[in-house]
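# Summary of the model geometry
Now for the letters of each chain:
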Amino acid sequence: MFAQSARDTDFPSLAKKAYLNSAAEGIPPRVVTDALAQYAQDKLRGMDGRQRHEVHWKEAKAQVAKAYNLSADEVGICSCSSEAYNLAALAMRLREGDEVVINDLDFPAGATPWLQPTCPAKVKVWRSREGALRVEDLVPLLGPRTRLLTVSLVSFFNGYKIPLPGVIDAVRNHSDALLALDVTQALGRIPLDLAGVDLIVSSTHKWILATHGGGLVGVPAARAREWTVPAGGWFHLQNAFENDRFERAVSKPGAASFTVGMPNYPAVYAINAALRYIHSIGVPAIDSHARPLVRACLDGLKKLPVELITPDEPDAIAGIMAFRHPDAERIHHALREKNIHVMSHAGRLRVAIHGYNTSDDVERFLDVLHNEL
Ligand SMILES: Cc1ncc(COP(=O)(O)O)c(C=O)c1O
């Protein structure tokens, strides 16, 4: 994706590293570290800095809107995906008899608010088969009591990408449920078509190459009533400083209700710069560059004595692959010795390929594996 010179200038820390771990932490380009420095300068102005913070806030929201293909009024920014889901749970006002469908490939952020003892809804688990979530296994879990299906577009665990149009059809045809989609492992890496999704959530420290401390929320205008958060706070309230403020709290509708307090401005500066950077290159260009590297990596892994836990289905692959091996820790160690970074966690090794990766990164990774196995 990046010309070698741009890669050297924008990502100097990648000079000798084969960094295959963007599904855990993306590497911010120089414009993002510059934006953080700018935040520090603006903060030094005290209250006068707020006008500048607000400019970045507006611009960041416009960038998120572009990424989600929504309007700026349809996006909000909170502090992490987990916060977004807990606020969403508040907005749902679930009752005894309601049902929520989660799945066994998901990251805990979107799956666990409904598992707390205070949640009155019954939770059903959409279980994967051989690493894949099949629509035919979802359908029997849906019905008149289903209020929510919560799922990631791309699984943090094995990289499986759900067939979104089929999932949306199943939800619409078999229930009146809302569909909440976590795009953390997809945003900035693969082109997205999120039409028909009721709530979109993403963290900001992975593929979009920003920092920690952001939760990007998308609520289409037609769903603003369903996703209006009845939380305490002020930034999201219509009447926070009105005369009636000690009599009632009135939330702004939809996405705006997900920012309950002062925005995390350092993260907001970073999100603005990072998404501008991603959009200046173009997600389709990133995908066209990285997709053949993913293919080469998968083909290489398939020749090795490892247990691949990512289904090899072209439409179900984004940027992540994962595999198991009894000696995973030793392999991880050997890779790190050679400055090759992958994730070793939750019983598997996970490889993530972004636009700044090169065929050399993949070859170095496969060579070490070949020698170690
Ligand atoms: C799919 C997914 N959602 C969310 C998160 C992170 O959630 P939070 O922003 O609450 O830390 C991760 C990984 O850390 C993830 O893989």
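Here, the structure is the one placed above.
Residues numbered from 1 in each chain as written. Predicted model: local features only at pLDDT ≥ 70, side-chain atom pairs only at ≥ 80, totals over all residues. Heavy atoms only, no water.

## Notes on the sheet that holds strand β8 (residues 215-218)
Overall, mixed pairing links the seven strands, which are arranged β2-β8-β7-β6-β5-β3-β4 in an open sheet. Each edge of the open sheet is held by one strand with a lone partner, namely β2 (75-78) and β4 (122-126). On average, each strand axis in the sheet is inclined to that of its neighbour by 20 degrees, with strand direction left out of account. Inspection of the sheet shows β2 paired to β8 by four bridges, in the antiparallel sense. Bridge assignment links Gly-76 to a residue of β8, and that residue is Val-217. Against the sheet, helix α3 (residues 49-68) contacts β2, β7 (199-203) and β8, and its axis sits at roughly 120 degrees relative to β2. (Pairing = 2+ DSSP bridges. Helix = DSSP H or I, 4+ residues; strand = E, 2+ residues; numbered from the N terminus. Axes fitted to C-alpha atoms, helices over the stretch in contact; angles between N-to-C directions. Contact = heavy atoms within 4.5 Å.)

## Some words on empty space enclosed by the protein
All told, the structure shown has one cavity of 30 Å³ or more when counted by the stated rule. What the largest cavity holds in volume is close to 30 Å³. Asn-103, Leu-105, Asp-106, Leu-133, Val-151, Ser-152, Val-154, Ser-155 and Tyr-160 are the residues that line the largest cavity. Of the residues assigned to the lining of the largest cavity, the class counts are five nonpolar, three polar and one charged. (1 Å grid on protein atoms, 1.4 Å probe; cavity = no way out; pocket = protein on both sides within 12 Å on 5 of 7 lines; lining within 4 Å. Points joined across faces, edges and corners; volume = space filled by probe spheres on them. Nonpolar A, V, L, I, M, F, W, Y, C, P; charged D, E, K, R; others polar.)

## Quick notes on the side chain of Gln-185
Tracing the backbone through its elements, the reader meets Gln-185 in the loop between β6 (178-182) and β7. Within polar-contact distance, the side chain of Gln-185 engages the side chain of Trp-207 at 2.7 Å. Apart from the residues within four sequence positions on either side, Gln-185 is in contact with Ala-23, Val-154, Phe-156, Lys-206, Trp-207, Ile-320 and Arg-350. (Polar contact = N/O pair within 3.5 Å; in protein donor to acceptor, adjacent residues only side chain to side chain.)

## Quick look at helix α4 (residues 81-92)
An α-helix turns once per 3.6 residues; consequently, residues spaced three or four apart project the same way. End to end, α4 covers 17 Å across 12 residues, agreeing with the expected 16 Å (1.5 Å per residue, within 8%). Those residues of α4 that are buried are in contact with β2, α5 (108-111), β5 (146-152), β6, β7 and β8. Once α4 finishes, Arg-93 follows within two positions and takes phi at roughly 45 degrees, a positive value. (Expected span 1.5 Å × (residues − 1).)

## Considerations on the packing of aromatic side chains
Each aromatic ring pair is described using two quantities: the centre-to-centre distance and the angle formed by the ring planes. All chains considered together, the criterion is met by nine aromatic pairs. Here Phe-11 and Tyr-277 contribute two aromatic rings whose centre-to-centre distance is 6.0 Å and whose plane-to-plane angle is 80 degrees, an arrangement assigned as edge-to-face. Taken together, the residues span a long stretch of sequence, with Phe-11 in the loop between α1 (4-10) and β1 (18-19) and Tyr-277 in helix α8 (residues 265-281) at a distance of 266 residues. Between the aromatic rings of Phe-323 and Phe-365, the centroid separation amounts to 6.5 Å while the plane-to-plane angle is 55 degrees, which identifies the pairing as tilted. (Phe/Tyr/Trp six-rings, centres within 6.5 Å; stacked < 30°, edge-to-face > 60°.)

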